[in-house]
Amino acid sequence: LEELNKIIEEFKTTEVFEPDIDKNEKFLTTKIRKFKLKNGKTIIRDQLYKNGKEGCSAIILPVTKSKNVLLVIQPRVFTKRGVGIELPAGYVENGETTIDAAKRELREETGYEAEELICVGSFYQDQGCSGAINNLFVALGCEKKYDQHLDEDEFVKYFECTYDEAIELVEMGYIQGAESVLTIEKSKTIIKNNK
């Protein structure tokens, strides 16, 4: 925990201010849609878009060749702690499959590559206002092969621990993102069978 807390401290927010950004270049946008149902009724709903897309994503639980898991730590400024401890994840790009997105995000955020990726499930991010689906993967046989390749405004450090320690971090409230918690939970059988 001492090593993890040092990384958390490094990414905490020190100042909040309103940047001068063109209002037309927003990451989050909505469209109002009208739907006619088979029962003849009509409903109106806002649909959320992220960077002009639905925002489907891949979440990856990387398991190293030594059977440890990798977590990532990064600023999550709207949370109480201001820093997130989670699994590598990212959006599916245009023309990319979810498995290709998982491979790319794992490589970009950690520099690791997996021998095998197994999909353990998926869920809608917020089915009341979005069609975005989160796809959950376990990446087995991960090995460090590259340097991290992060966007200019992306600050990510990775942290290696045992699977049991990751579960303990969930129980202690360090890992709180639903996508990470669910991926860890849905991976239990695969992790148990690969010990």
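Now for a description of the structure that goes with this document. (Residues numbered from 1 in each chain as written. Predicted model: local features only at pLDDT ≥ 70, side-chain atom pairs only at ≥ 80, totals over all residues. Heavy atoms only, no water.)

**Points about the overall build of the protein**
Then, number 1: Counting its secondary structure elements, the protein contains five helices and ten strands.
Then, number 2: By residue count, 38% of the 195 residues in the protein fall in the buried class.
Then, number 3: Restricting the contact set of the protein to residue pairs at least 6 apart, pairs at least 24 apart contribute 64%.
Then, number 4: In the form shown here, the protein has an accessible surface area of approximately 12,400 Å², with 48% of it arising from carbon and sulfur atoms.
Then, number 5: Looking at the protein, you have 28 positive and 35 negative side-chain charges, and the mean spots of the two groups are 9 Å apart. (Helix = DSSP H or I, 4+ residues; strand = E, 2+ residues; numbered from the N terminus. Buried < 20%, exposed > 50% of the residue type's maximum accessible area, 1.4 Å probe, protein only. Contact = heavy atoms within 4.5 Å. Areas by Shrake-Rupley, 256 points an atom, 1.4 Å probe, with all protein chains shown as cover. Lys, Arg positive; Asp, Glu negative; His and termini not counted. Charge placed at Lys NZ, Arg CZ, Asp CG, Glu CD.)

**Side note on the side chain of glutamate 86**
Then, number 1: Secondary-structure assignment places glutamate 86 in strand β5 (residues 83–86).
Then, number 2: Residue classification places glutamate 86 among the buried residues on the basis of a relative accessible area of 9%.
Then, number 3: For glutamate 86, the side chain forms a polar contact with the side chain of glutamine 74, separated by 2.8 Å.
Then, number 4: Once you skip the residues sitting within four places of it in the chain, glutamate 86 turns out to touch Leu71, Val72, Gln74, Arg76 and Ser180. (Polar contact = N/O pair within 3.5 Å; in protein donor to acceptor, adjacent residues only side chain to side chain.)

**Describing the pairing of strand β9 (residues 133–144)**
Then, number 1: Among the twelve residues of β9, nine are classified as buried, and the element is accordingly described as predominantly covered.
Then, number 2: Bridge analysis of strand β3 (residues 57–64) against β9 gives seven bridges, and the strand direction is parallel. What sits directly across from isoleucine 59, in β9, is leucine 136.
Then, number 3: Where strand β7 (residues 112–113) and β9 come together, two bridges link them in antiparallel fashion. The residue of β9 that forms the bridge with glutamate 113 is glutamate 143.
Then, number 4: In terms of strand pairing, strand β8 (residues 116–124) meets β9 through eight bridges, oriented antiparallel. Residue glutamate 116 lies in a different strand from β9, and its bridge partner there is leucine 140. (Pairing = 2+ DSSP bridges.)

**Points about the nonpolar core**
Then, number 1: Counting residues in each nonpolar core, the largest one holds 29 residues, and the members touching the most others are Leu4, Leu71, Ile73, Ile85 and Ile184.
Then, number 2: Leave out the neighbours within four places in its chain, and isoleucine 184 touches Leu61, Leu87, Tyr163, Ala166, Ile167, Val170 and Ile175.
Then, number 3: Ala58, Ala102, Phe137 and Ala139 belong to the second largest nonpolar core, which has twelve residues in total. (Core = buried A, V, L, I, M, F, W, Y, C linked by side-chain atoms within 4.5 Å.)

**Brief notes about helix α2 (residues 98–110)**
Then, number 1: Taking 1.5 Å per residue, 13 residues should reach 18 Å; α2 reaches 18 Å between its end C-alpha atoms and fits that length.
Then, number 2: Residues of α2 that are buried include every one of Ala101, Ala102, Arg104, Glu105, Leu106, Glu108, Glu109 and Thr110, and no others. (Expected span 1.5 Å × (residues − 1).)

**Thoughts on helix α3 (residues 163–171)**
Then, number 1: Residues of α3 that are buried include every one of Tyr163, Ala166, Ile167 and Leu169, and no others. Buried residues of α3 fall within an arc of 155° about the axis and therefore sit on the same side.
Then, number 2: Buried positions along α3 lie against α1 (2–10), β3, β4 (69–75), β10 (157–161), α4 (178–186) and α5 (188–193).
Then, number 3: Of the residues flanking the end of α3, it is glycine 173, one or two places downstream, whose phi is positive at about 85°. (Arc of directions from axis to C-beta.)

**Some details on a negative patch on the surface**
Then, number 1: On the surface, a cluster of negative charge is made up of Asp164, Glu165, Glu168 and Glu171.
Then, number 2: Mapped onto the secondary structure, glutamate 165 falls in helix α3.
Then, number 3: Residue glutamate 165 is classed as partly exposed on the basis of its relative accessible area, which comes to 39%. (Patch = residues over 30% accessible without salt bridge, like charges linked within 9 Å, V, L, I, M, F, W, Y side chains within 5 Å. Salt bridge = Lys/Arg side-chain N within 4 Å of Asp/Glu carboxyl O.)

**Quick notes on the packing of aromatic side chains**
We describe a pair of aromatic rings using the distance from one ring centre to the other and the angle between the two ring planes.
Then, number 1: For the structure on display, the rule yields two aromatic pairs.
Then, number 2: Ring geometry for tyrosine 112 versus tyrosine 158: centroids 5.7 Å apart, planes at 85°, classification edge-to-face. Of this pair, tyrosine 112 sits in strand β7 while tyrosine 158 is found in strand β10, placing the two residues 46 residues apart along the sequence.
Then, number 3: Assessed through its relative accessible area of 10%, tyrosine 112 is described here as buried.
Then, number 4: Residue tyrosine 158 is classed as partly exposed on the basis of its relative accessible area of 29%. (Phe/Tyr/Trp six-rings, centres within 6.5 Å; stacked < 30°, edge-to-face > 60°.)

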